[in-house]
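Working through the structure, step by step
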Amino acid sequence: MSGWKTRLRVSDLADDDRLELLCRKCGQSRYLVKAELEARKADQLYLDEVERRAMCRVFGCKGRMRMALIRSHKVSAFVGGMA
Ligand SMILES: [Zn+2]
């Protein structure tokens, strides 16, 4: 389950895909959607780059984030096809 982040770009995401970012330090999570990343001109970034740039927003934490892709429709297809 490591290769997909280096193969998928933000522009490959579906509009209703969500990226869940979970703080490795304090456990706080937040979600990113494609439109949000496009608005930051990040649509050509690979997902592992998005993960590396992500930082926890909890005051004083600034922990590294772990990213998961959440697809509302093709969950089983994603796990089987992209793992
Ligand atoms: Zn945190």
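Our subject is the structure listed above.
Residues numbered from 1 in each chain as written. Predicted model: local features only at pLDDT ≥ 70, side-chain atom pairs only at ≥ 80, totals over all residues.

1. Here's the deal with the pairing of strand β2 (residues 29-33)
The side chains of a regular strand alternate between the sheet's two faces. Relative to β2, strand β1 (residues 18-23) is paired through five bridges, and the arrangement is antiparallel. Bridging across to β2, Arg18 finds its partner in Val33. Taken together, β1 and the strand that follows it, β2, pair antiparallel across an intervening segment of five residues, in which Gly27 is found at a positive phi of about 85°. (Pairing = 2+ DSSP bridges. Helix = DSSP H or I, 4+ residues; strand = E, 2+ residues; numbered from the N terminus.)

2. As for the sheet that holds β1
Ordered by their spatial adjacency, three strands build an open sheet running β2-β1-β3, and the pairing between neighbours is antiparallel. Only two strands of the sheet have a single partner each, and these edge strands are β2 and β3 (65-70). Averaged over all pairs of adjacent strands, the angle between strand axes in this sheet comes to 25°, irrespective of strand direction. (Axes fitted to C-alpha atoms, helices over the stretch in contact; angles between N-to-C directions.)

3. Topic: the nonpolar core
Core analysis: the biggest nonpolar cluster contains 11 residues, these being Val10, Leu13, Leu19, Leu21, Cys23, Leu32, Leu37, Leu47, Val50, Cys56 and Met65. If one sorts the elements of this core by residue count, β1 sits on top with three residues. (Core = buried A, V, L, I, M, F, W, Y, C linked by C-beta atoms within 7 Å. Buried ≥ 20, exposed ≤ 12 C-beta atoms within 10 Å, placed from the backbone.)

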